[in-house]
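Reading the structure
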Amino acid sequence: MRRISMGGTSMGSRGLWLSLAWLGASTALGCGRREALPASQDPGAEPPAQPAQLAQPAQPEEPAAPLQESRVERDGLSIAFALRPLDRDQQGGESGLGAAPAAAVAGSDVVAEFTITDASTGAPVRGLTPLGWMSRRAGADGAAAASFSGGAPEASLASGAPAASLASGAPEASLASGVSAASLASGAVDAAPDEAACRGKIRSFMAGLLSVRPEVDMNAYLLWTLNQDNTLSAINPQVALARTQLRSVVSLAGPGVSFVLHPDRESLYVTLRGGRGLAVVDTRRGLVRTNVPVGQDPSRVVIAPDGRTVWVGNDGDGTVSVIDARSTDVLKTLPVGPGHHEIAFTGGGRAAWITSQQGDSVAVVDGETLEPLGEIAVGEGVVSIAASDEAGVVHAANAARGEVVVLDAARRVVAGRVALKPGLGALQFDPRGRFSFALNPTANEVAVLDGATGAVAHTLTGLAAPDAVTFTGAFAYIRNRGAARVSLVDRAALGGAAAPPLVNIAVGQGPPLAAPARPGPAALATPIAPLPEGNGALVASPADKALYVYVEGMMAPIGTLPSYGREPRSLLVEDRSLKEVRPGVYATTVRLGEGGRYDVELLLDRPRTGVCLEATVAPARCAPGDGEADGSGCGGDPVKDIAIAPLFEPDLRLAAGEPATLRFRATAGEGGPPLDAEDIEVMVVRFPTGYRFRGAPQAEGDGTFSVAFTPPAPGQYRFLAAVPGRGAPVGALPSVPLRVSPRGAGAHVGGAR
């Protein structure tokens, strides 16, 4: 369940059907009879394909073979669960039909997929909102306590429950894990949960307590903030962590300007100042995968609707770089005119419309061939652009003239000009493409234009420097940069004759303009993000250094999430929950936990049904040809052949706020392939505050690697390196202490021998 914890208050916004009350009373919630079937023995269901949004549309493939499949029938539904490789490289053997799929391996990323059909007719059941988890089953190795406490002793303490209660089989622990106290005490052999135990496990996971976390949560979402200090923050709002909800901090090579999330949810693209290009961030590992050189002063970044290409406006040299989203190669650099650039797409991405603020025309480019289709003279000073396939028009806002130029998307000509007031800024169509919102922070108003007629439908006044707008299904959310409030507009009332009233929601203590100004167009900020459920929004407050959570129907935010001392300038949500990727098939990408037998818990809303299936996760492999981590091939020691040697002094002292380069040597044992940068993960943790930094190491040759790190504050830190693919996850290899002194205290910065 998606939950947001704020100072002891938790919010779950999936709807009333998620109430814990009905969970405790419902007799429909239980476990049916499970059957684990190989794919070849499942004649009753169509083989589910790899999820469309997780695949690259440029290279369609045969459906990936399932790693395993489990099936249950309950309340007239047939429910199958399968783990599938993300791509054919993970399937093992040769690609193609008949290839033997590899096992689901501990620590690997796979697609978790539920196929739900009518048990009588086989018809897919559509439109569900499922919740899913995977929990490692208690066994004779005593894994029960670790399994249901998140695998760490401190987790149980963080939740306020004594660690002894888990070991002794206290009632709270047995209810949470779905196994009896006696079985915990005796170390019983793995057993499938009965109906009551299945219900108890689901109830526990929905409570959001750290002490009863599942190994795999299929309902997660992360908040990503672009901060003022060369970092991205990934915040998990769903778990009541004792100290911090900060999942990771990604250090960038320069200040971030704007960012966008790829539809496959695997990559973030961030434009950087100072000639640093475009950073490509791996959202799963929480680190920069690569930096792509583009033009001068990159600013706006957008992704084509088909997800194949990334477009970057280079304000310093009058060009736009088009980048292959899969390979990150620069496909073409387009000369489009001087000044700031904004980009919009029509025809599902078949045409790209590009502005140049210091030029007098809008360039139109073929989205597939990247060849120019023409230029449309609109006048110098266009600062924003928005397109609507529904209305067949493109709107371009000219700040100096105070007008919106209406362009005919099919004929690529000027269809009209709408006179407004000078000072226009951001411009955006609502999701249906009927109305465009032209924000004017200078005049403190918003003009709502009818896309069909080009006329001004409404003028919204009484705003305070409106500079950003976003939409949910019911409302438009307008940020007031000059006041600590967000103004809501009822979208259903936009079709009426009278202007809809503004609903003003107080957000935070200080207005956004109270935060120090940053260079560049203000319209680049995306400070409001809709909640994944669509019934509210998250609002970033750089002045308060916080994120506010608002649910529609309330007159104030329901809580606050800290940004840990950073100023969040832009915000987006990475939704990792189950989605219906094709009729009756619900899937998401997950990272598996430790090897062993797992229970797979599923909660459905229609009918209100909970079921438990099962899955098996194989132990992690040490290295190609070396066997598995607990097998003879590794001699029972999965990390004995991995060595990490720091190339900086043990008593190295860094200075807060000053960048340092940490070098180390990483080697693999004889018989295994040498390590490369993609194999290695680096983390720096500060104690006891919970600050975590993840960095992508750079190869320097001869087994030497380096990572750039800027400590945010004085204190004690630890440097940790990991090689997950070789059986050495974070924490398996020794850590190296780092001491950080205040800036200017004479600390020795550097560290390379």
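Scroll up for the structure.
First, a word on scope: everything that follows refers to the structure included in this document. If you're wondering where the values come from, they're calculated on a predicted model, not measured in any experiment.

The next subject is the nonpolar core. Leu223, Phe719 and Leu738 are the most contacted members of the largest nonpolar core, which totals 43 residues. By residue number, the principal contributor to this core is strand β47 (residues 660-668), which donates 4 residues. Within the second largest apolar cluster, 28 residues are counted, among which are Leu83, Phe114, Leu592 and Val611.

In this section: the state of the cysteines. If you walk through the whole model with that rule in mind, you get 1 disulfide. Bridging cysteine 198 to cysteine 612, the disulfide has an S-S length of 2.2 Å. Looking down the S-S bond of the cysteine 198 and cysteine 612 bridge, the torsion is 100 degrees, so its handedness is right-handed. Of this pair, cysteine 198 sits in helix α7 (residues 195-207) while cysteine 612 sits in strand β44 (residues 609-617), and the two are 414 residues apart along the sequence. By the burial criterion, cysteine 198 is buried, and cysteine 612 matches it.

What follows deals with the pattern of salt bridges. Under the counting rule described, the total for this entry stands at 25 salt bridges. Between aspartate 467 and arginine 479 there is a salt bridge, with its nearest N and O atoms 2.6 Å apart. On the criterion of sequence distance, the pair formed by aspartate 467 in strand β32 (residues 466-471) and arginine 479 in strand β33 (residues 475-480) is long-range, its members being 12 residues apart. This pair shows no difference in class: aspartate 467 is buried, exactly as arginine 479 is.

What follows is about the packing of aromatic side chains. Per the stated rule, a full pass over the model turns up 10 aromatic pairs. A centroid spacing of 5.5 Å and a plane angle of 80 degrees characterise the contact between tryptophan 311 and phenylalanine 345, whose relative ring orientation is edge-to-face. A residue pair is termed long-range when its members are at least 10 positions apart, and tryptophan 311 in strand β17 (residues 309-314) and phenylalanine 345 in strand β20 (residues 343-346) qualify at 34 residues. One aromatic cluster is present, formed by Phe648, Phe664, Phe705 and Phe719 through successive ring pairs.

In this section: the pairing of strand β21 (residues 351-354). Of the two faces of β21, both are covered, the one formed by Ala351 and Trp353 as well as the one formed by Ala352 and Ile354. Both β20 and β21 contribute to a ladder of 4 bridges, which runs antiparallel. Note that in β21 the partner of threonine 346 across the bridge is alanine 351. Taking the residues between adjacent antiparallel strands as the criterion, β20 and β21 are bridged by 4 residues, where glycine 347 takes a positive phi near 65 degrees. Looking at chain direction, β21 and strand β22 (residues 361-366) are connected through 4 bridges and run antiparallel. When the bridges of β22 are listed, alanine 352 appears paired with valine 365. A loop of 6 residues connects β21 with β22, the two strands running antiparallel in sequence.

So, on to the sheet that holds strand β34 (residues 485-490). Within the open sheet, the 4 strands sit side by side as β32-β33-β34-β35. Their pairing is antiparallel. Lying at the two open borders of the sheet, with one neighbouring strand each, are β32 and β35 (502-506). When strand polarity is set aside, the average angle formed by the axes of neighbouring strands in this sheet is 25 degrees. Of the pairings in the sheet, the one linking β33 to β34 comprises 5 bridges and is antiparallel in character. Of the residues in β34, the one forming a bridge with phenylalanine 475 is aspartate 490.

Take the environment of alanine 696 next. Summarising the element assignment, alanine 696 is placed in the loop between β49 (692-695) and β50 (698-701). Among all residues touching alanine 696, those that are not within four sequence positions of it are Leu287, Val288, Ser706 and Val707.

So, about the sheet that holds strand β8 (residues 216-217). Read across the open sheet, the 4 strands follow the order β8-β7-β43-β44; overall the sheet is antiparallel. Because the sheet does not close on itself, it has two edges, and the strands there are β8 and β44. Pairing of strand β7 (residues 131-136) with strand β43 (residues 596-604) involves 6 bridges; the strand directions are antiparallel. Within β43, the position partnered with serine 135 by the bridge is aspartate 599.

The subject of this paragraph is the side chain of serine 258. You can see serine 258 is positioned in strand β12 (residues 256-261). With relative accessibility at 1%, the residue serine 258 sits in the buried group. Within the structure, the side chain of serine 258 is placed 2.7 Å from the backbone oxygen of serine 299, a separation counted as a polar contact. Here the side chain of serine 258 touches valine 301 through a polar contact of 3.4 Å, landing on its backbone nitrogen. Filtering out sequence-adjacent residues up to four positions away, serine 258 remains in contact with Leu226, Tyr269, Val270, Thr271, Ser299, Arg300, Val301 and Leu524.

The rules behind each value
- Residues numbered from 1 in each chain as written.
- Predicted model: local features only at pLDDT ≥ 70, side-chain atom pairs only at ≥ 80, totals over all residues.
- Heavy atoms only, no water.
- Core = buried A, V, L, I, M, F, W, Y, C linked by side-chain atoms within 4.5 Å.
- Buried < 20%, exposed > 50% of the residue type's maximum accessible area, 1.4 Å probe, protein only.
- Helix = DSSP H or I, 4+ residues; strand = E, 2+ residues; numbered from the N terminus.
- Disulfide = S-S within 2.5 Å.
- Salt bridge = Lys/Arg side-chain N within 4 Å of Asp/Glu carboxyl O.
- Phe/Tyr/Trp six-rings, centres within 6.5 Å; stacked < 30°, edge-to-face > 60°.
- Pairing = 2+ DSSP bridges.
- Axes fitted to C-alpha atoms, helices over the stretch in contact; angles between N-to-C directions.
- Contact = heavy atoms within 4.5 Å.
- Polar contact = N/O pair within 3.5 Å; in protein donor to acceptor, adjacent residues only side chain to side chain.

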